[in-house]
Amino acid sequence: MIKFPSFNTLANSSLDTISRYKLVTLLALTKVVLFIWYIETPYKNEILRNDLTRLLYISFLSVPLAIAITISAKRHSWKNTLVAGIWVLTGVVLALYYFSIKQAPDQTDYYRFMIFFAGVHLLASYAPFIRSNELNGFWQFNKMLFLQFLNATLYSITLYVGLLIAIQTIKFLFNVKFSFEIEADLAVFIFALFHTIFFLSKIPTQLADLEQEVVYPPGLKIFTQYVLLPLEVVYLVILYAYVGKILFQWTLPDGGVAYLTLAFSIAGILALLLLYPLRDNPGERWIKMYSHRFYLALLPLIVLLGIGIFRRINDYGVTENRYLVAVLTFWLAGTTIYFLFVKKNDIRVIPVSLSIICVLVCIGPWNIFSIAQSSQLNQFQHLLTTHKLLTKDNKIGLSAEIPQKDYDQLFSIINFFQQRDSNVLAKFFPSFPIDKKDVNRISIHHGRMRDHLNKFVSSDKISKEDYFTQFSVAGSSNTEIINIDKFKYLFFFSTWEEKKFNNNRLMLISSDFGATLTLFHKGKKIAFWDIAKKEKELRKSLRTNYEDIPQKLMILEYDDENFKAKLILTSISKNSTSYNYQGMIVHN
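Quick caveat, the model's predicted, so the values are computed rather than measured.

Conventions we followed
- Residues numbered from 1 in each chain as written.
- Predicted model: local features only at pLDDT ≥ 70, side-chain atom pairs only at ≥ 80, totals over all residues.
- Heavy atoms only, no water.
- Helix = DSSP H or I, 4+ residues; strand = E, 2+ residues; numbered from the N terminus.
- Buried < 20%, exposed > 50% of the residue type's maximum accessible area, 1.4 Å probe, protein only.
- Contact = heavy atoms within 4.5 Å.
- Areas by Shrake-Rupley, 256 points an atom, 1.4 Å probe, with all protein chains shown as cover.
- Salt bridge = Lys/Arg side-chain N within 4 Å of Asp/Glu carboxyl O.
- Expected span 1.5 Å × (residues − 1).
- Core = buried A, V, L, I, M, F, W, Y, C linked by side-chain atoms within 4.5 Å.
- Pairing = 2+ DSSP bridges.
- Axes fitted to C-alpha atoms, helices over the stretch in contact; angles between N-to-C directions.
- Parallel < 35°, antiparallel > 145°, perpendicular 65-115°, else oblique.
- Left-handed = near helix turned anticlockwise from the far one by under 90°.
- Nonpolar A, V, L, I, M, F, W, Y, C, P; charged D, E, K, R; others polar.
- Phe/Tyr/Trp six-rings, centres within 6.5 Å; stacked < 30°, edge-to-face > 60°.
- Lys NZ or Arg CZ within 6 Å of the ring centre and 35° of its normal.

(A) Local environment of the overall build of the chain. Check the secondary structure of the chain and you find 16 helices and 11 strands. Counting over 588 residues, the chain shows a buried share of 46%. Partitioning the contacts of the chain with sequence separation of at least 6, the portion at a separation of at least 24 is 69%. Here the chain displays about 31900 Å² of accessible surface, and carbon together with sulfur accounts for 63% of that area.

Spelled out as structure tokens, the structure:
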């Protein structure tokens, strides 16, 4: 049963922790202020939100860095001048990183931040033990960090839920309306400040004493031995069965298996690290035997991992994710060989090597971002050249029918560069007039790239999800005016939600899996539209997956002596079994 400490105990512990980690607390508080400022800033103030995002990236990195420096300085009794120099150097590095982030941070900046974020946390896990030979102390320190993180998270969630219920009660009983985002602000305060202080409160002042620590949490052993390891064995059997399958069929492994293999391997190494202090216990000798056999079993899977990811790269080019998986494949191979053949192995190799990788993959000419973008650009140009889509001036202007795989990849590459706020593909397209003041100009530009490409390229197969809409990704045509001056009534509908609709005058029924739409008045059929025929016309004229269709192409009219109606569709979607669409009907 969990025993919660008293309020006085928590208060005294918090004050003691704040006094020990003054700068860390100040940085955590700064992060809270920036985060709340960001939450309360309206979306229309994009410039301020972007500046706050850049500052938040720095603040999120500064807290674990400050923890690593503070604990290491205490652990190794660094002189004040050395500590001051390290703080200044850290500040300079963070400042340089801040100015390297784009004014409007995109997905590339987010990727880089997340990799650095993982790297600084790994640094904090081993920094106090870099110059020592205290492997047990290092393990005990990380065990304490792991358990204290879970403990702090439990307390933070409990506190947040309790206060959130109190806030909702006040709103309900007293009809109070807050002029700020109180729920989000409260979450930031608890999980960014309270969580940090509570987490630090249990870190011992004398880390050297941890080397003599022999206590092993029984719950951790039970979880690892009877939950984590059996799951590892199950996935090991599955992966080896898959290896048998590809050997029997003599085919290359699917590229997606690389991610499963990597996850399995890392989870297995984590399980062995959790059991590390027990390896020399007389009754736990099986751990050493299991460890050796686990690393031996990894060798064929590493080969499978390498073939899978490099097949993926060969087929679709390099992306940030594939680059990281490829790097981690080499890291896993090196780690496995190290633990198999080095008798006096050091478990610190794992976090140290991973933190170095986190830095190296983000800097220099080999960084994952420039390599990925260069690879995707080459893939795009290769596909255009292979299928002879380029004119003499290297612009897309020739028509071709290409395999579905290549068709999908062309549009996937356009999406890739749109997410990274890059216009490097513009050289293959004609110039599109875009207002430079439009904050969505990149999205609009790439939307027009897709539209232009779709005019000249089609798939040799019908996609299972062919979609037509008059709206582009950026909504560039949603201001188009619809003339309904000859009609009195307007009737909205969406077959995504229902297949039958009623208003005070009419009933609308979608039938034949959405292929037809019929309008009734007092049980009498008065109008009929063939949606399937319209979809085929669009496919013939526009091919598949076409966006930003002119409004006039999505209008169907019905006119007889007694009834006049106009069907104005906003989207049509067709899959392998049915049609779905939405829009409005205007009638007399």
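Once you've had a look at it, read on.
(B) Spotlight on the pattern of salt bridges. Considering all chains together, one arrives at 10 salt bridges under this definition. Among the ionic pairs, Glu134 bridges to Arg75, the shortest N-O distance being 2.5 Å. In this pair, Glu134 sits in the loop between helix H5 (107–126) and helix H6 (135–174) while Arg75 sits in helix H3 (residues 46–76), placing the two residues 59 residues apart along the sequence. On the basis of relative accessible area, Arg75 is assigned to the buried category, the value being 17%. Of the charged contacts, one joins Lys221 and Glu284 as a salt bridge, the two residues approaching to 2.5 Å between their closest N and O atoms. With a gap of 63 residues between them, Lys221 in helix H8 (residues 218–249) and Glu284 in the loop between helix H9 (257–274) and helix H10 (286–316) connect regions that are remote in the sequence. Connected via shared salt-bridge partners are Lys102, Asp106, Asp109 and Arg112.

(C) Here's a closer look at the side chain of Thr17. With respect to the element layout, Thr17 can be found in helix H1 (residues 7–20). Excluding anything up to four places from it in sequence, Thr17 contacts Ile197, Leu200 and Ser201.

(D) Layout of helix H12 (residues 349–360). For H12, built from 12 residues, the straight-helix expectation of 16 Å at 1.5 Å per residue is met to within 8% by its first-to-last C-alpha distance of 16 Å. Taken as a whole, H12 has its buried residues at Ile350, Pro351, Ser353, Leu354, Ser355, Ile357 and Cys358. In the core, the buried residues of H12 are packed alongside H5, H6, H9 and helix H11 (320–341).

(E) Inspection of the nonpolar core at higher detail. Counting 105 residues, the largest nonpolar core has Ile203, Phe380 and Leu425 as its most contacted members. For this core, the leading source of residues is H10, giving 10 residues. When sequence neighbours within four positions are dropped, the list of residues in contact with Ile203 reads Arg20, Tyr21, Ile71, Phe141, Met144 and Leu145. Judged by nonpolar contacts, the second largest core, of 23 residues, contains Ala515, Leu519, Trp529 and Ile531.

(F) Region of interest: the environment of Met114. Mapped onto the elements of the fold, Met114 is located in helix H5. Judged by relative accessible area, which is 35%, Met114 ranks as partly exposed. Along the backbone, Met114 and Tyr57 are 57 residues apart, and their C-alpha atoms lie at a distance of 9.0 Å.

(G) Representation of the side chain of Ser201 in the model. Structurally, Ser201 can be placed in the loop between helix H7 (182–200) and H8. Beyond its immediate sequence surroundings of up to four residues, Ser201 is in contact with Ser13, Thr17, Arg20 and Gln148.

(H) Geometry of the pairing of strand S9 (residues 555–559). Bridge count for S9 against strand S10 (residues 564–574) is 5 bridges, and the pairing is antiparallel. Bridge pairing in S10 links Glu557 to Lys566. Counting the residues that bridge the hairpin from S9 to S10 gives 4 residues.

(I) The arrangement of the packing of H9 against H10 in detail. At their nearest, the axes of H9 and H10 sit 9 Å apart, and the two run at 160° to each other. The angle between H9 and H10 falls in the class roughly antiparallel. Handedness of the crossing formed by H9 with H10: left-handed. Across the interface between the two elements, Val257, Ala258, Thr261, Leu262, Phe264, Ser265, Gly268, Ile269 and Leu272 of H9 pack against Tyr290, Ser291, Phe294, Tyr295, Leu298, Leu301, Leu304, Leu305, Gly308 and Ile309 of H10. Of the residues contributing to the contact of H9 with H10, the split by class is 14 nonpolar, 5 polar and no charged.

(J) Inspection of the environment of Ala326 at higher detail. The residue Ala326 is located in helix H11 in this model. For Ala326, a relative accessible area of 9% translates into the label buried. A sequence separation of 68 residues divides Ala326 from Ala258, and the C-alpha atoms of the two residues are 9.1 Å apart. If sequence neighbours within four positions are ignored, Ala326 has contacts with Ile309, Phe310 and Ile313.

(K) Highlighting the packing of aromatic side chains. Across all of its chains, the model carries 25 aromatic pairs by this definition. Geometrically, the ring pair formed by Tyr407 and Phe411 is tilted, given 4.9 Å between the ring centres and 50° between the ring planes. Residue Tyr407 and its partner Phe411 are located together in helix H14 (residues 404–419), separated by 4 residues, close to a single helical turn. Here Tyr407 and Phe411 have matching classes, each one buried. Each member of the aromatic cluster is reached from another via a ring pair, and the members are Phe264, Trp286, Tyr290, Phe294, Tyr295, Tyr338 and Phe339. One cation-aromatic arrangement involves Arg49 over Tyr38; the distance from NZ or CZ to the ring centre is 4.1 Å. Directly above the ring of Tyr276 sits Arg279, whose terminal nitrogen or CZ lies 3.8 Å from the centroid.

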